[in-house]
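Examining the three-dimensional arrangement
Spelled out from the first residue to the last, the chains are:
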Amino acid sequence: MNKTYLIFKHEFLQTIKKGGWIIMTLAVPVLALLGIGLISLMNNISDSGTDSVGSIAYVDEAGIITTSNTEEETMLIPYNSVDDAKEAMLNSEISEYILIPEDYTSTGIIHRYTLEKELGTSPLTIALIKSFLTRNLLKDQVSPHLISLINSPLKLQVTRVTQEGDISKEQNSMANLLVPGIFSLLLGLSLMIGSMSLITGLGEEKESRLIEVLFSSVSIRQLLVGKVLALGTAGLLQVLLWLITAPFLVDLAVSASGGAIGSIQIPGSFLVLGIVYFILGYLLFAVLSIGVGAISNNGQEGSQLSMIYTMANFIPLWFAALLIAFPKSPIWIILTLFPITAPVQTMVRLGVSDIPSWQILASIIILLISILGGLSIAIKIFRMNMLMHGKRPGLTEIIHSLKKA
Amino acid sequence: MAVIEVNHLYKSYSGKDAVKDLSFSLKKGEILGLIGPNGAGKSSTIKIILDFMKPDSGEVRIFGQPMNEGFKNRIGYLPEERGLYKKLTAIDLIVYLASLKGMNKSLADKRAHTLLEQTGMLENKKMKNKEMSKGMGQIIQFIVTIIHDPELIIMDEPFSGLDPLNTEIIKNIIAKQRDEGKAIILSTHQMDKVEELCDRVLMINNGESVLYGDLKESKEKFDKNSVMVEVDGEIGKLSGIVEQRINNGCYELILGSDATPQDILDQLRKKGKIIRRFEITTPSLNEIFLGIAGGHNE
């Protein structure tokens, strides 16, 4: 029987029996269920109307407030002076107060006083105060309907149109980022755990000299290719298991959110590209881990070294907010083409915008070249350094190894 | 045809010679004892033979050809520091590693059971490696080394960490392998085992061969021409002796080049001494080893 297959079979079975792999595989549906539970809970809380500001006092030194003192569910209670309002707040009669200074109409400045520690005024409070002021300022100038329209949030309905002028089947929505975003995070975590697992295994084999027994039976290429393929297949199995549970979880999420996330549209190419990048990502990280495993003395040292690329793998997620704000920036193209960030970056970008085909093609080609070239280099480094114990080779020695191999 | 033929091997690390002009050969049905102090170059020699690393110059021929992947199934290797996959059971590990040597599963399983029985480990076959003692682990590794019936067996310190009972079991299996025609390299510090098992010996010091050949002939080369004598009372003055030492009433007499043990025995008899012990001494391998290693390292 082919020795690469025997190594592959052994490594694959060992990988999927490992706690890290099992936990990661189960964690996704479990966390998704917890998330769905949380959405459902938040919906219930929202429905029960407990999300309100409470009572706010105001001191109107500008003399502009003339209408009712109720805004939405919040009581707006007038006070004659700042001292009275402050005393009421300290006595817990009101939760906070605002001061509309005499020169408000010229400066536009309002002062808010609160006992709460907070990073900033909540959007709800801002909207409430703004609505209150607008209603009073425009009361005699425009109709109540117009005032209500001004106070309402902008209802922007965007329709995406194809190059042919038809309405696109894939409409824009923030919800569309949900699936690629979650998938990217899982991909990043999965690559990190997979790398650690491979490095730990290699470290154990090197430390115990079992590697010598293996190399007296198989070639370095057979061993390393078997390991890389096993890790890639274990990753693929993981994503397939997630995909099997996905329809059930999406249905559950839609009903739990009361239809709020029912508008999720997964880009058509996402599924195929997701699998392609998952496999390529796994293979690339396996190759990198072999290189790191070759120059480390043990699993612990290797895991520390691997942090360089496992952390870089998460860069696209750190800057996801910037990607949403500036999707056209050339930096995203660079991260799409750079092999270490390519899998996660491409997945995140698919949720935010279209990616030109040439970028995806170039990214896949670069990944494939990196995997094949990296494997060849990793095998050379491994061959030269597998017998070194207790001393990690320096950069000069690694370059020397590559020249000599 | 020699199973291994090593010709003028050189290997250096960072300018220091690890192996220097080393040549030797090994035939079928022969055990070659590879001995030398720590850092002498034994492990480097083994790793070059197994093609784990390339020599700077020189040639290694296995089964008459340069080493290639196809020969790996015909070689059994037991490294000095031994480790096992901790979570695998003994039987699973043996069968897996045997499959990498080209054995099919059922044959590997059958032979594993035979060897486990021979080594008294059959009842532990389902034990996970992490639960095993060091000695048990070593026996499993030894089984892994020979399970595929290799023609060439290379063992680095096969007895280290074994209790006397297991040492005897392993020693007998090694001897049996030799009798079946296997070529064996036995690298060890345990000189008594080399004397008991090996047909020939290769002593390396500072990467160089300092003693190589038939074990008996090699020992004779270092014969000090001495006898051990124990008699009632004093030994008295004897001719032909250049040096004498007394240890617990036993005399070690170093003879001159023209004197023979028979001359000494005749003189003692003429003197009417009651002889309790008269033994022609040959140096042990350990003494030769210490003498050579000490001399070269001075």
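Values in this document were obtained by computation on a predicted structure and should not be read as measured data. (Residues numbered from 1 in each chain as written. Chains lettered and ligands numbered in written order. Predicted model: local features only at pLDDT ≥ 70, side-chain atom pairs only at ≥ 80, totals over all residues. Heavy atoms only, no water.)

This brings us to the overall build of chain B. Within chain B one finds 9 helices and 14 strands. If one aligns the C-alpha atoms of chain B with their principal axes, the spans along those axes are about 75 × 45 × 35 Å. Only carbon and sulfur atoms are counted for the fraction: they give 48% of the accessible area of chain B, which is about 13,900 Å². With 41 positive and 43 negative side-chain charges, chain B shows a separation of 5 Å between the mean positions of the two kinds. (Helix = DSSP H or I, 4+ residues; strand = E, 2+ residues; numbered from the N terminus. Areas by Shrake-Rupley, 256 points an atom, 1.4 Å probe, with all protein chains shown as cover. Lys, Arg positive; Asp, Glu negative; His and termini not counted. Charge placed at Lys NZ, Arg CZ, Asp CG, Glu CD.)

Moving on: unusual backbone geometry. Residues and elements named next belong to chain B. Positive phi, normally seen in glycine, also occurs at D149, with a value near 55°. With respect to the helices and strands, D149 occurs in the loop between α4 (134–146) and β7 (152–156). Its relative accessible area of 43% is what places D149 among the partly exposed residues. If you check the backbone angles, N206 has positive phi at about 50° while not being a glycine. (Buried < 20%, exposed > 50% of the residue type's maximum accessible area, 1.4 Å probe, protein only.)

The subject of this paragraph is the domain arrangement of chain B. Entries for chain B in the domain assignment read domain 1 (4–220) and domain 2 (226–281). Computed from C-alpha atoms alone, the centre-to-centre distance between domain 1 of chain B and domain 2 of chain B is 43 Å. (Domains from an automatic or database assignment.)

What follows covers the sheet that holds β7 of chain B. Residues and elements named next belong to chain B. Overall, mixed pairing links the 6 strands, which are arranged β6-β7-β8-β3-β9-β10 in an open sheet. Taken across any chain shown, the strands that pair with only one partner, and hence form the sheet edges, are β6 (75–78) and β10 (208–214). Geometrically, the sheet is characterised by an average inter-axis angle of 10° between neighbouring strands, direction not taken into account. Two strands pair when backbone bridges link them, and β6 and β7 are joined in this way by 4 bridges, in the parallel orientation. Bridge pairing links I75 to L152 in β7. Packed on one face of the sheet, helix α1 (residues 42–49) meets β3 (31–35), β6, β7, β8 (183–187) and β9 (200–205) and runs near 150° to β7. (Pairing = 2+ DSSP bridges. Axes fitted to C-alpha atoms, helices over the stretch in contact; angles between N-to-C directions. Contact = heavy atoms within 4.5 Å.)

On the surface, D83, D84, E87 and E93 of chain A cluster together to form a negatively charged patch. Inspection of the secondary structure puts D84 of chain A in helix α3 (residues 82–90). (Patch = residues over 30% accessible without salt bridge, like charges linked within 9 Å, V, L, I, M, F, W, Y side chains within 5 Å. Salt bridge = Lys/Arg side-chain N within 4 Å of Asp/Glu carboxyl O.)

So, about the interface of chain B and chain A. Residue-level contacts link 24 residues of chain B with 23 residues of chain A. Carbon and sulfur atoms supply 57% of the area that chain B and chain A bury against each other, a total of about 2,300 Å² over both sides. By the criterion of area lost to chain A, the three top residues of chain B are F52, Y85 and L100 of chain B, representing 28% of everything that side buries. The interface formed by chain B and chain A contains 1 salt bridge. Among the ionic pairs, K47 of chain B bridges to E212 of chain A, the shortest N-O distance being 3.7 Å. There are 9 residue pairs in polar contact (both at pLDDT 80 or more) connecting chain B and chain A. Where the side of chain B that touches chain A is concerned, the elements lending two or more residues are α2 (90–99) and α4 of chain B. A total of 3 residues in the side of chain B that touches chain A trace back to one element, the largest contributor, which is α2 of chain B. (Buried area = accessible area lost by both parts, 1.4 Å probe. Polar contact = N/O pair within 3.5 Å; in protein donor to acceptor, adjacent residues only side chain to side chain.)

Moving on, we get to the side chain of N129 of chain B. Residue and element names in this part refer to chain B. Tracing the chain through its elements places N129 in the loop between α3 (105–118) and α4. A polar atom in the side chain of N129 sits 2.9 Å from the backbone oxygen of Y85. Filtering out sequence-adjacent residues up to four positions away, N129 remains in contact with L84, Y85, K86, L88, T89, A90 and L93.

Our focus in this paragraph is the pattern of salt bridges. Residue and element names in this part refer to chain B. Applying the stated criterion across every chain, the model contains 23 salt bridges over all chains. One salt bridge in this structure joins D56 and K11, with 3.9 Å as the shortest N-O distance. Note that D56 is positioned in the loop between α1 and β4 (57–62) and K11 in strand β1 (residues 4–13), a separation of 45 residues in sequence. On the basis of relative accessibility, which here comes to 41%, the residue D56 falls in the partly exposed class. We classify K11 as buried; its relative accessible area is 8%. The shortest N-O distance in the salt bridge between D199 and R178 comes to 3.1 Å. On the criterion of sequence distance, the pair formed by D199 in the loop between α6 (191–197) and β9 and R178 in helix α5 (residues 164–179) is long-range, its members being 21 residues apart.

On to the packing of α2 of chain B against α3 of chain B, then. All names here are of chain B. Following both chains from N to C, one finds α2 and α3 inclined at 130°, their axes separated by 9 Å at the closest point. It follows that α2 is oblique to α3 by the angle criterion. Remark: the crossing between α2 and α3 carries right-handed chirality. Within the contact between the two elements, α2 uses I91, I94, V95 and A98 and α3 uses K105, A108, D109, A112, H113 and L116. When grouped by side-chain class, the residues that make up the contact of α2 with α3 number 7 nonpolar, 1 polar and 2 charged. (Parallel < 35°, antiparallel > 145°, perpendicular 65-115°, else oblique. Left-handed = near helix turned anticlockwise from the far one by under 90°. Nonpolar A, V, L, I, M, F, W, Y, C, P; charged D, E, K, R; others polar.)

What follows concerns the nonpolar core. If you look at the biggest cluster of nonpolar residues, it comprises 145 residues, and the most contacted ones within it are I4, F24, I49, I62, I140, L152 and I174 of chain B. The dominant element in this core, judged by the number of residues it contributes, is helix α10 (residues 270–295) of chain A, at 15 residues. Each residue touching L152 of chain B, except ones within four places of it in the same chain, is listed here: V3, I4, L26, I62, F63, R74, I75, G76 and A183 of chain B. In terms of nonpolar packing, the next biggest core, distinct from the first, is built from 12 residues, Y58, I100, Y104 and L128 of chain A among them. (Core = buried A, V, L, I, M, F, W, Y, C linked by side-chain atoms within 4.5 Å.)

The subject of this paragraph is the pairing of strand β1 (residues 55–60) of chain A. Residue and element names in this part refer to chain A. Of the pairings in the sheet, the one linking β1 to strand β3 (residues 74–79) comprises 5 bridges and is parallel in character. Bridged to V59 within β3 is Y79. Examined bridge by bridge, β1 and strand β4 (residues 96–100) share 5 bridges and lie parallel to one another. Bridge pairing in β4 places I56 opposite E96.

Residue and element names in this part refer to chain B. As a packed pair, α3 and α4 sit with axes 10 Å apart at the nearest point and diverge in direction by 135°. One element, α3, and the other, α4, form an angle in the oblique class. α4 is crossed by α3, and the crossing has right-handed handedness. Contacts from R111, L115 and L116 of α3 reach α4 at I140, I143 and I146.

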